[in-house]
Amino acid sequence: MTAELPRFARPESVEELSEIMSAAHRDGHSVAVYGGGTALDDHPPGQTPGLFIDMSGLNRVIEHSPGDLILVAEAGAPIAALKDVADTGAQELLSDFPADRVDSGSTLGGAIATRAVGPRRIGRLPLREVVLGVTVVLADGTIAKAGGKVVKNVAGYDMSKLMTGSWGTLGIIASAAIRLYPKPETQGYVEIPGAEAALRVLGSQIAPAAVEIDRSPGAEATTVVMVEGLAESVESRTRQIIEAYPGAKAGIEPSWWARRAQAPVTIRASVSPALVPELVAQIARLEDAIGYPIQLRGSAMGVFDLGVGAPDMDPAIATRVVLEHLRTWDRKQLVATLLCAPPAVWNEIDAWGEIPGFALMATIKDQFDPNGLLSPGRGIGGL
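In this text the structure is predicted, and so the values were computed from the model without any measurement.

Q: Where do I start with the sheet that holds strand β3 (residues 51-54) in this structure?
A: Two strands in a sheet stick together by hydrogen bonds in their backbones, pointing the same way (parallel) or opposite ways (antiparallel). Strand order in the open sheet formed by 3 strands is β1-β3-β2, with parallel pairing between adjacent strands. Each edge of the open sheet is held by one strand with a lone partner, namely β1 (8-9) and β2 (31-34). Of the pairings in the sheet, the one linking β1 to β3 comprises 2 bridges and is parallel in character. What sits directly across from Phe8, in β3, is Phe52. Its contacts with the sheet place helix α1 (residues 14-27) against β1, β2 and β3, and it is angled at close to 170 degrees to β3.

As structure tokens, then:
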């Protein structure tokens, strides 16, 4: 008699994970996977799965090659622990990660699956370019490696890139190899009033590591520039920024740095960098017009999280009003999607809008998970 699958599983090896997925595939059980649980509230809640898989048992560092700037670890390894490992070689993870998620236990597999990103995205490669290879357990229990014979012959896809941002809908990441970066000697911060200077700083020879904009409800926006490198260079570039922009002053890392705005609903808005000052001004006008507090925080590269509403407000109404306004803004370059909201809100609004390439994403989902067992409803567009 075949043993019945439990409701929860915590595998401690890739072989055990493969066996669990083979059984789930055999019995037609849908599966949800989590690591540190720091992104469980992001994206739609999806369908209630038949099996929850906790990846915290796969948490070992497999290899650290300081000379090659490579770190290989299992998917359940916390990012904070990997940072400590990299630090022993005077290195750091090449991609930046959100501080609030790292502090709460974000794992390597979870960060890759959700395409986590922090402020230092200007001079750093995106996460999908930093993941050098992955070992993945597919929906039917097959163990596949990026570039390996099974995956290349069956699917023909770059698995490392495909799994980055897949939200667990295509396969379960078991381990990954990622790039490291020599740790900068020091960092400096400069605060500049408003958002108008952001584009100029981005295009300047100062070579900032990050240019972040924060706007609290009812307040003026602030641009914070981060530079890093050798102490003498950081001091010189910090001074150049202060001299070039009226009202600029040296500062320290803000308390909100790399942390999402705390609000009932989070909307992600993306525009070209040239439109950033206009978007910031538009959000201020929208807040005045509708009476809902809106906090804006994000990168001058054009990706912002909007914290919408207050605890005593109807989150569905506030979300619908802000999304509809942004999508009717006469700027074709703007994309607005719902990122985080109470479960009921997802069913009441158009969370995604128009999704370029959605048909291709659906095709890939069908190829990798034809029975729809992996994290159903959690992917982009509700895949």
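Q: Even after reading the chapter, I still don't get the sheet that holds strand β16 (residues 303-308), so can you show me in this structure?
A: Taken together, 8 strands build an open sheet; the order of strands is β13-β10-β12-β11-β15-β16-β14-β17 and the sheet is antiparallel. Both edges of this open sheet fall to β13 (249-251) and β17 (335-340), since each of them pairs with a single strand only. On average, each strand axis in the sheet is tilted by 25 degrees relative to the strand beside it, whichever way the strands run.

Q: What's the story with the nonpolar core in this structure? I'm lost.
A: Burial of nonpolar side chains together is a common tendency in soluble globular proteins. Within the largest apolar cluster, 51 residues are counted, with the highest numbers of intra-cluster contacts made by Leu17, Leu51, Ile53, Leu93, Phe97, Leu108 and Phe368. Sequence-distant contacts of Phe97, defined by excluding residues within four places in its chain, comprise Ile79, Val102, Ala111, Ala116, Val117, Gly118, Leu127 and Ala258. Formed by 49 residues, the second largest nonpolar core is a distinct cluster that contains Ala198, Ile206, Tyr292 and Trp329.

Criteria and cut-off values
Residues numbered from 1 in each chain as written. Predicted model: local features only at pLDDT ≥ 70, side-chain atom pairs only at ≥ 80, totals over all residues. Heavy atoms only, no water. Pairing = 2+ DSSP bridges. Helix = DSSP H or I, 4+ residues; strand = E, 2+ residues; numbered from the N terminus. Contact = heavy atoms within 4.5 Å. Axes fitted to C-alpha atoms, helices over the stretch in contact; angles between N-to-C directions. Core = buried A, V, L, I, M, F, W, Y, C linked by side-chain atoms within 4.5 Å. Buried < 20%, exposed > 50% of the residue type's maximum accessible area, 1.4 Å probe, protein only.

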